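A look at the structure
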Amino acid sequence: MSKKASTNRPIAVYDSGVGGLSVLRALLNELPNEDFIYLGDQAHVPYGERSLEALRELADGVTRFFIQQGAKIIVIACNTASAAALKYLRAKYPEQIFVGMEPAVKPAAEQTHSHKVGVLATPSTFHGELYASVVERFANGVEIFQSTCPGLVAQIEQGNLDGEETMRILHDALDPMLEADVDKIVLACTHFPFVIPQIEAIVAGRATVIDPAPAVARQTARVLAQKDMLSTATKPGRIHFYTSGNPKNLQAITHKLIGLKASIHQVAWDDGNLHHHLK
Ligand code: DGL
């Protein structure tokens, strides 16, 4: 393959649904001239309570689809899928480059003054060994408060960012943390950055919120630069969106969340593989 043909292949971004759009937004800021493929596996959203085995199979199917599309790097823009499958995928596809999400306990533990940190993530992220390992490595002397924010992913999938139910879920998660004097709140689910304004309204200056998306975008750029795989294009790239759910819904919410008017392709699962949906 010529240098151009290999470096100008797309960056693939994967989430259970719309959460990965918070990472795509950061990637577009960092790497505006790259081409992207975004896939939301909305036939299976939410991922948060699925078993590690089920998540691994889904992430494997998505990875095969991305490889067929020529992805030069795969960004698992989902903490839940990263926790369940990143290690497995790297072992199974050693030629393929992956970047994943890791709960940002390290910066939170470094920056906290009260030595109390809150983490918001899905149940599967909290159960995985990745979370246990970041807490073990980085939380020394810091007390961690966890919440799974039950129902919040579903609200964000529907675009309900500041409705009554969303605010109730956020208060249930954050009020006890604030009561306990938490001063850093780690968003360890990529859906949650879309409710940062609502979180900040509740927190009212008592804590700061850590969104890992910009750091993940910089990491992606670093990896591509190291491998000499940054695009040579000088104009904004193209983005292809795919969903295993309803394309109209994803189109409306992509516009609402990140201001992009995209056309969305539908893909369908068949026996563990993703295919273009034929009408
Ligand atoms: N956005 C995802 C995450 O980062 C998954 C949410 C879900 O599907 O439950 O964990």
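Let us look at the nonpolar core. With 57 residues, the main nonpolar core has Val 13, Leu 21, Val 75, Leu 120, Leu 174, Phe 192 and Ile 199 as its most contacted residues. One finds Leu 55, Ala 71, Tyr 242 and Val 267 within the second-largest nonpolar core, a separate group that totals 25 residues.

Glancing now at the site of the ligand. Taken together, 14 residues lie near the ligand, and Ser 16, Tyr 47, Asn 79, Thr 80 and His 191 sit nearest. With respect to the ligand, the backbone of Gly 48 contributes an N or O atom lying 2.8 Å from an oxygen atom. The backbone of Thr 190 places a nitrogen or oxygen atom 2.8 Å from an oxygen atom of the ligand. Here the ligand has 300 Å² of accessible area as a free molecule, and 99% of this is covered by the chains. Grouping the constituent residues of the shell around the ligand by class yields 6 nonpolar, 7 polar and 1 charged.

Before going further, it helps to examine the packing of helix α2 (residues 21-30) against helix α11 (residues 213-226). The N-to-C vectors of α2 and α11 enclose an angle of 50°; their axes lie 8 Å apart at closest approach. Regarding the angle of α2 to α11, the classification is oblique. Remark: the crossing between α2 and α11 carries right-handed chirality. Within the contact between the two elements, α2 uses Ser 22, Val 23, Ala 26, Leu 27 and Glu 30 and α11 uses Ala 213, Pro 214, Val 216, Ala 217, Arg 218, Thr 220 and Ala 221. Looking at the contact of α2 with α11 residue by residue, the class counts come to 8 nonpolar, 2 polar and 2 charged.

Taking strand neighbours across the sheet as the criterion, the 4 strands line up as β6-β5-β7-β8 in an open arrangement whose pairing is parallel. Strands with a single pairing partner mark the edges of an open sheet, and in this sheet they are β6 (143-147) and β8 (208-210). Here the strands of the sheet are splayed against their neighbours by 25° on average, with no regard to which way each runs. With 3 bridges joining them, strand β7 (residues 184-187) and β8 adopt parallel strand pairing. Counted as the bridge partner of Lys 184 is Thr 208 from β8. Sheet contacts for helix α9 (residues 164-179): β5 (116-120), β6 and β7; angle to β5, the most-contacted strand, approximately 170°.

On to the pairing of β5. The buried count for β5 comes to 4 of 5 residues, which makes it a mostly enclosed element. Where β5 meets β6, 5 bridges bridge the pair, whose relative direction is parallel. Each bridged residue has a counterpart across the sheet, and for Val 119 the counterpart in β6 is Gln 146. The sheet contact formed by β5 and β7 spans 4 bridges and is parallel. Note that in β7 the partner of Gly 118 across the bridge is Ile 185.

Here the focus is the sheet that holds strand β9 (residues 239-243). Strand pairing within a sheet occurs via backbone hydrogen bonds; the two strands may be parallel or antiparallel. Spatially, the 7 strands line up as an open sheet ordered β4-β3-β1-β2-β9-β10-β11, and their pairing is mixed. With partners counted over all chains shown, the strands left at the sheet margins are β4 (97-100) and β11 (273-276), one partner each. Strand after strand, the sheet turns through a mean of 25° between neighbouring axes, direction not considered. Where α11 meets the sheet, its contacts fall on β1 (11-15), β3 (73-76) and β4, and the angle it forms with β4 comes to roughly 160°. Across the sheet, helix α12 (residues 247-258) is in contact with β9 and β10 (264-270); its angle to β10 comes to roughly 135°.

To continue, consider the state of the cysteines. Think of a disulfide as a covalent bridge from one cysteine sulfur atom to another cysteine sulfur atom. For the structure shown, the criterion picks out 0 disulfides. Take Cys 78: it sits in no disulfide, and the sulfur closest to it among the cysteines is that of Cys 189, at 6.9 Å. Accessibility expressed as a relative area gives 3% for Cys 78, which makes it buried. On the basis of relative accessible area, Cys 189 is assigned to the buried category, the value being 6%.

Cut-offs and rules
Residues numbered from 1 in each chain as written. Predicted model: local features only at pLDDT ≥ 70, side-chain atom pairs only at ≥ 80, totals over all residues. Heavy atoms only, no water. Core = buried A, V, L, I, M, F, W, Y, C linked by side-chain atoms within 4.5 Å. Buried < 20%, exposed > 50% of the residue type's maximum accessible area, 1.4 Å probe, protein only. Near = heavy atom within 4 Å. Polar contact = N/O pair within 3.5 Å; in protein donor to acceptor, adjacent residues only side chain to side chain. Areas by Shrake-Rupley, 256 points an atom, 1.4 Å probe, with all protein chains shown as cover. Nonpolar A, V, L, I, M, F, W, Y, C, P; charged D, E, K, R; others polar. Axes fitted to C-alpha atoms, helices over the stretch in contact; angles between N-to-C directions. Helix = DSSP H or I, 4+ residues; strand = E, 2+ residues; numbered from the N terminus. Parallel < 35°, antiparallel > 145°, perpendicular 65-115°, else oblique. Left-handed = near helix turned anticlockwise from the far one by under 90°. Contact = heavy atoms within 4.5 Å. Pairing = 2+ DSSP bridges. Disulfide = S-S within 2.5 Å.

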